[in-house]
Amino acid sequence: MKISTRGRYGLYFMLELARDYGEQRRSVKSVATERGISDLYLEQIVASLKKEDLVKSTRGAYGGYELNHPPEEITVGQIFKSVEENIVAVESDEKDGKNERFLWGRIRDAISDVLDHTTLKDMIDYDGEGLDDYMFHI
């Protein structure tokens, strides 16, 4: 499974808002600058997050974006579904039989379960223990 830049950048933005939840609003430009990404591209992604009611904006001198729900109520799955066009764990092939499709379905379900049960709070509370390399090679 590959996550596009839209998914990654959307997650970056939401994590920054989660870290600042209840304390301050953040501008797209400030997050883009911190992460070294295009603020114009991030603005497009944030529009999708806002459309799905995950963030809200306030105008004015102390304006910016903030989470529309507490970090423990927003899952990574919600974020990816709002900004990704298609999340595919394994693309099926016309040569695949029922046994292969069974495995691809289980992989899809396992990934969906992780995304749908990992919240922003889980991520910001994670201390980095127990994960050396997140790449899985076969």
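The coordinates are above.
Quick caveat, the model's predicted, so the values are computed rather than measured.

Things to note about the overall build of the chain
Stage number 1. What the chain contains, in helices and strands, is six helices and two strands.
Stage number 2. Ordering the α and β elements of the chain from the N terminus gives α-α-α-β-β-α-α-α.
Stage number 3. Principal axes of the C-alpha set define a box for the chain whose edges measure 60 × 35 × 25 Å.
Stage number 4. The burial tally for the chain puts 31% of its 138 residues in the buried class.
Stage number 5. For the chain, restricting intrachain contacts to residue pairs at least 6 apart in sequence, the fraction spanning at least 24 positions comes to 63%.
Stage number 6. When the accessible surface of the chain is split by element, carbon and sulfur atoms take 48% of a total near 9,600 Å².
Stage number 7. Averaging the locations of the 19 positively and 27 negatively charged side chains of the chain gives two centres separated by 5 Å.

Examining the pairing of strand β2 (residues 64–67)
Stage number 1. Where strand β1 (residues 55–58) meets β2, four bridges bridge the pair, whose relative direction is antiparallel. If you follow Val 55 over to β2, its bridge partner there is Leu 67.
Stage number 2. Taking the residues that link successive antiparallel strands as the turn, the β1-β2 hairpin has five residues, and the phi of Gly 60 there is positive, at about 110°.

Concerning the nonpolar core
Stage number 1. In terms of nonpolar packing, the biggest core is built from 26 residues, with Phe 13, Met 14, Leu 42, Leu 49, Val 55, Ile 79 and Leu 120 touching the most fellow members.
Stage number 2. Taken together, the elements giving at least two residues each to this core come down to α1 (5–19), α2 (28–35), α3 (39–51), β2 and α4 (76–83).
Stage number 3. The biggest single contributor to this core is α1, with seven residues.
Stage number 4. Discounting chain neighbours no more than four positions away, the residues touching Leu 42 are Tyr 9, Phe 13, Val 28, Val 31, Ala 32 and Ile 37.

Digging into the pattern of salt bridges
Stage number 1. Taken as a whole and assessed by the stated rule, the structure comprises ten salt bridges.
Stage number 2. Of the charged contacts, one joins Glu 34 and Arg 26 as a salt bridge, the two residues approaching to 2.6 Å between their closest N and O atoms.
Stage number 3. On the accessibility criterion, Glu 34 (53% relative accessible area) is exposed.
Stage number 4. One salt bridge connects Asp 116 with Lys 81, and the closest N-O pair in it is separated by 3.0 Å. With Asp 116 in helix α5 (residues 98–117) and Lys 81 in helix α4, this residue pair connects regions lying 35 residues apart in the sequence.

Examining α1
Because an α-helix completes one turn every 3.6 residues, residues spaced three or four positions apart along the sequence face the same direction.
Stage number 1. An ideal rise of 1.5 Å per residue puts 21 Å on 15 residues; α1 measures up with 21 Å between its terminal C-alpha atoms.
Stage number 2. Along α1, the residues classified as buried are Arg 6, Gly 7, Tyr 9, Gly 10, Leu 11, Phe 13, Met 14, Leu 15, Glu 16, Leu 17 and Ala 18.
Stage number 3. The secondary structure elements touched by the buried residues of α1 are α2, α3, β1, β2, α4 and α6 (120–125).

Observations regarding unusual backbone geometry
Stage number 1. A positive phi is found at Asp 53, a non-glycine position, where the angle reads about 70°.
Stage number 2. Taking the relative accessible area as the measure of exposure, Asp 53 reaches 40% and is therefore partly exposed.

Points about the packing of aromatic side chains
We describe a pair of aromatic rings using the distance from one ring centre to the other and the angle between the two ring planes.
Stage number 1. This structure, assessed with the given rule, holds three aromatic pairs.
Stage number 2. Between the aromatic rings of Phe 13 and Tyr 65, the centroid separation amounts to 5.8 Å while the plane-to-plane angle is 80°, which identifies the pairing as edge-to-face. Taken together, the residues Phe 13 in helix α1 and Tyr 65 in strand β2 connect sequence positions 52 residues apart. For the residue pair Phe 13 and Tyr 65, the accessibility class agrees, reading buried in each case.

What counts, and at which threshold
- Residues numbered from 1 in each chain as written.
- Predicted model: local features only at pLDDT ≥ 70, side-chain atom pairs only at ≥ 80, totals over all residues.
- Heavy atoms only, no water.
- Helix = DSSP H or I, 4+ residues; strand = E, 2+ residues; numbered from the N terminus.
- Buried < 20%, exposed > 50% of the residue type's maximum accessible area, 1.4 Å probe, protein only.
- Contact = heavy atoms within 4.5 Å.
- Areas by Shrake-Rupley, 256 points an atom, 1.4 Å probe, with all protein chains shown as cover.
- Lys, Arg positive; Asp, Glu negative; His and termini not counted.
- Charge placed at Lys NZ, Arg CZ, Asp CG, Glu CD.
- Pairing = 2+ DSSP bridges.
- Core = buried A, V, L, I, M, F, W, Y, C linked by side-chain atoms within 4.5 Å.
- Salt bridge = Lys/Arg side-chain N within 4 Å of Asp/Glu carboxyl O.
- Expected span 1.5 Å × (residues − 1).
- Phe/Tyr/Trp six-rings, centres within 6.5 Å; stacked < 30°, edge-to-face > 60°.

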